[in-house]
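Structural description and commentary
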Amino acid sequence: MKNNKQIIIATHGELADGFKSALKIIVGEVKNLHTLCCYTTPDFDLNQTIETLMNNHDFEKEDLVICTDMMGGSVNNGFVKYLGQYPFHLITNTNLTFLVELLLTPGCVDKDMLEERTHDSLSHIKYVNALLNDFNLENDDI
């Protein structure tokens, strides 16, 4: 029976390590968080890296959540090809807010929980200028 999750942040360049650094400051050291910094060396092979990752993960014991940086990007597309072959969860357009919440959620993950978290308004990109303008307009009416 599964009782935990492994989280891998996979991004173009060193962004994944940047997320991990920020997460360490916010939530502390997390043993089930790993990074995959893609295309940082000329010989990087995404398919081989994913194959190794999938073959070394024990899906019977732990959920696997892959968080990528960009929908339609080569990193995310690389993982999409494996969705039918392995039972992992793929999240894209990852941001720090989502990662904090995912890490602070104890135990396993499931489809419903991930769908709820990805639709949570805190996880979406915001244009703060417009938010402040809307706030100021609302307060002018008081």
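Residues numbered from 1 in each chain as written. Predicted model: local features only at pLDDT ≥ 70, side-chain atom pairs only at ≥ 80, totals over all residues. Heavy atoms only, no water.

Residues spaced three or four apart along an α-helix face the same direction, because each turn holds 3.6 residues. Taken together, the buried positions of helix 5 (residues 111–119) are Met113, Leu114 and Arg117. Considered in projection along helix 5, the buried side chains sweep an arc of 95° and stay on one side of the axis. In helix 5, the exposed positions angled more than 90 degrees off the buried face are occupied by Lys111, Asp112, Glu116 and His119. Turning to helix 5, the residues buried within the fold contact strand 4 (89–91) and helix 4 (96–104). If you check the start of helix 5, you find a side-chain oxygen 3.2 Å away from the backbone N of Asp112, and it comes from Asp110. (Buried < 20%, exposed > 50% of the residue type's maximum accessible area, 1.4 Å probe, protein only. Helix = DSSP H or I, 4+ residues; strand = E, 2+ residues; numbered from the N terminus. Arc of directions from axis to C-beta. Contact = heavy atoms within 4.5 Å. Polar contact = N/O pair within 3.5 Å; in protein donor to acceptor, adjacent residues only side chain to side chain.)

Moving on, we get to the sheet that holds strand 4. Hydrogen bonds along the backbone pair up the strands of a sheet, which may run parallel or antiparallel. Spatially, four strands are ordered 2-1-3-4 in an open sheet, and the strand pairing comes out parallel. Of all strands in the sheet, those bounded by a partner on one side alone are strand 2 (33–38) and strand 4. Averaged over all pairs of adjacent strands, the angle between strand axes in this sheet comes to 20°, irrespective of strand direction. Helix-sheet contacts for helix 1 (residues 15–27) involve strand 1 (4–12) and strand 2, and the interaxial angle to strand 2 is about 150°. (Pairing = 2+ DSSP bridges. Axes fitted to C-alpha atoms, helices over the stretch in contact; angles between N-to-C directions.)

Geometry only, nothing functional implied.
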